[in-house]
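# A structural walkthrough
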Amino acid sequence: LQQIDEEGDQGTIEVARGASVERLHINFSDPNTEVDGQRSHLGTPHPFLTDDAVRQAMNLAADRETIATEFYGEGQPATANILTGLELFESPNTSWEFNLEKAAQILDEAGWVMEGDVRAKDGVELSVVYATSVNAVRQKTQAVIKQAFEQLGIRTQLEQVDAGIFFDSGAGNEQNISHFYRDIQMYTNSPSSPVPVEFMTSWYAGPNGENVAQKSNSWQGQNYQRWVNEEFDQLYEDLQVATDIEAAAQLLIQLNDVLISNVVIIPLVNRSVDTYAYSNLLRPENLELGPFHDVTYWNIANWNFAEGVEPQS
């Protein structure tokens, strides 16, 4: 890669944009109250993260540009969407902003006032536990978010968990993402298919909350955040029976917008698939590098030489 970068006449470096998003997940249930042998119980709302003003302020406190530029680099842009890197499903209706002054004003107007270094309301302090896996880039991201949160008056305790434990799905593992025994979790995953229908199950509650991760289903439900929204559920059910790609695209954009407008998640960075170097002897439009190709050379039969290049025997 370095040789090609320095001798640009030989080849080109390209960052293949992916469809995965590094983001903050917000817990809508209370991780500090135990009900029937479990914390983060669906029927026990979070004492302050269910307040739209708090989530809106947190969203404004995410310095996406610094995180994307300093920690992720070229081809991995800041984003306001959970569905991104897939042009057909990319919402044009959202935007992001880093504005601590505006965030503080929202909290002030909602009655969250500073008491020393921390904001409080009705005896409840804004104090969060923010967890992610052990990873150098994620720890740098945590530090940036923590600094901004604490400038706002949101006390922030950082936790780092070994990835093998954090992403383990065992019913007895209370440190994993499905138990969600914290206030905020950060990680990424991506759609497994070019039409990301099943990807949206992460926020679908289902009838009687059957898709919410709880003790009753051994924490195997896909909705870890215990967020329930009738509009989202109906749109998701409509999507499951959609047979027209244009209709599916509109439904996916609407689902994205419901998540973003309600600040259910805080998207940070659209992560890349990988960085590639290819010879200038090849036609770049025929390489087709992207998120759903198992191997770089999946369509090698279609590769051909650039215009004016004669193959050598």
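For the structure itself, consult the block above.
Quick caveat, the model's predicted, so the values are computed rather than measured. Once a new chain begins, its residue numbering starts again from 1 and follows that chain's sequence as written. Selection of residues for local features in this predicted model requires a pLDDT of at least 70, selection of side-chain atom pairs for listing and counting requires 80 or more, and totals for whole chains, interfaces and linings are taken over all residues. Side-chain calculation: all heavy atoms of the structure are included, whereas hydrogens and water are not.

## Considering the sheet that holds strand 2 (residues 113-115)
An order of 2-3-4 is seen for the 3 strands of this open sheet, with the pairing classed as antiparallel. Of all strands in the sheet, those with a lone pairing partner are strand 2 and strand 4 (124-125), marking the two edges. Both strand 3 (residues 118-121) and strand 4 contribute to a ladder of 2 bridges, which runs antiparallel. Bridging across to strand 4, Ala120 finds its partner in Glu125. Note: two strands are recorded as paired if DSSP finds a minimum of 2 bridges between them. Going along the chain from the N terminus, every DSSP run of H or I of four or more residues is numbered as a helix, and every run of E of two or more is numbered as a strand.

## Focus: helix 7 (residues 230-240)
Summary of the burial criterion: residues with accessible area below 20% of their type's maximum are buried, those above 50% are exposed, and those between are partly exposed, where the area comes from a 1.4 Å probe applied to protein chains only. Every buried residue of helix 7 is accounted for by Phe232, Asp233, Leu235, Tyr236 and Leu239. The arc that holds every buried residue of helix 7, seen down its axis, measures 165°, which confines them to one face. Only heavy atoms matter for contacts: two residues are in contact if any of them lie within 4.5 Å across the pair. Residues of helix 7 that are buried in the fold lie against helix 8 (245-261). Definition of a polar contact: a pair of N or O atoms within 3.5 Å, with one able to donate and the other able to accept a hydrogen when the atoms are protein atoms, and with sequence-neighbouring residues admitted only if both atoms are side-chain atoms. With a side-chain oxygen positioned 3.1 Å from the backbone nitrogen of Glu231, the residue opening helix 7 is Asn229. This arc is built from the directions going out from the helix axis to the C-beta atoms.

## Here we look at the pairing of strand 7 (residues 184-187)
Residues Ile184 and Met186 point to one face of strand 7 and Gln185 and Tyr187 to the other, with burial holding for every one of them. Pairing between strand 5 (residues 127-133) and strand 7: 3 bridges, direction parallel. Residue pairing for strand 7: Thr132 is matched across the bridge by Met186.

## Overview of the layout of surface pockets
Estimates place the volume of the largest pocket at around 200 Å³. Looking at the largest pocket, it is lined by 15 residues, and the ones nearest its centre are Asn189, Phe199, Thr201, Ser202 and Gln222. Residues that form the lining of the largest pocket fall into these classes: 6 nonpolar, 8 polar and 1 charged. Using a grid of 1 Å spacing that covers the protein atoms alone, one calls a set of points a cavity when a 1.4 Å probe fits there but cannot get out, and a pocket when the set is open and has protein on both sides within 12 Å along at least five of seven lines; lining residues are those with an atom within 4 Å of a point. Grid points are joined across faces, edges and corners, and a volume is the space filled by probe spheres set on the points. The calculated volume of the second largest pocket comes to roughly 170 Å³. Lining the second largest pocket are Gln56, Asn59, Leu60, Ser95, Trp96, Glu97, Lys102, Ile260, Ser261 and Val263. Counting only elements with at least two residues in the lining of the second largest pocket, the list comes to helix 2 (52-60) and helix 8. Looking at which element gives the most residues to the lining of the second largest pocket, the answer is helix 2, with 3 residues. Grouping the amino acids of the lining of the second largest pocket by side-chain chemistry returns 4 nonpolar, 4 polar and 2 charged. For this scheme, ten residues count as nonpolar: Ala, Val, Leu, Ile, Met, Phe, Trp, Tyr, Cys and Pro. Four count as charged, namely Asp, Glu, Lys and Arg, and the remainder, Gly too, count as polar.

## Considerations on the packing of helix 2 against helix 4 (residues 100-109)
Where helix 2 contacts helix 4, the two axes come as close as 8 Å, and the packing angle between them is 170°. One element, helix 2, and the other, helix 4, form an angle in the roughly antiparallel class. Residue-level contacts link Ala53, Val54, Gln56, Ala57 and Leu60 of helix 2 to Leu100, Lys102, Ala103, Ile106 and Leu107 of helix 4. Of the residues contributing to the contact of helix 2 with helix 4, the split by class is 8 nonpolar, 1 polar and 1 charged. Helix axes are fitted to C-alpha atoms over the stretch in contact, other axes to C-alpha atoms as well, and angles between N-to-C directions run from 0 to 180 degrees. Under this scheme an angle from 65 to 115 degrees is roughly perpendicular, one under 35 degrees roughly parallel, and one over 145 degrees roughly antiparallel; angles in between are oblique.

## Concerning the packing of aromatic side chains
Note on aromatic pairs: the rings of Phe, Tyr and Trp (six-membered ring only in Trp) are paired at centre separations within 6.5 Å, and the planes decide the class, stacked below 30 degrees, edge-to-face beyond 60, tilted for the rest. Enumeration according to the criterion identifies 8 aromatic pairs in this entry. With a centroid separation of 6.4 Å and 75° between ring planes, the pair formed by Phe48 and Trp112 is classed as edge-to-face. Within this pair, whereas Phe48 is found in the loop between strand 1 (11-26) and helix 2, its partner Trp112 is found in the loop between helix 4 and strand 2, the two being separated by 64 residues in sequence. The class for Trp112 is buried, based on a relative accessible area of 3%.

## Observations regarding helix 3 (residues 64-72)
Residues of helix 3 that are buried: Arg64, Ile67, Ala68 and Tyr72. Projected down its long axis, helix 3 carries its buried residues within an arc of 95°, all on one side. Immediately beyond the C-terminal end of helix 3, within one or two residues, lies Gly73, with a positive phi of roughly 90°.

## Remarks on the environment of Asp183
Mapped onto the elements, Asp183 comes out in the loop between helix 6 (163-166) and strand 7. C-alpha separation for the pair Asp183 and Ile26, spaced 157 residues apart in sequence, amounts to 6.3 Å. Here the side chain of Asp183 touches His46 through a polar contact of 2.6 Å, side chain to side chain. At 2.7 Å, the side chain of Asp183 and the backbone nitrogen of Val129 are in polar contact.

Fair warning: the whole summary comes from geometry, so function is off the table for now.
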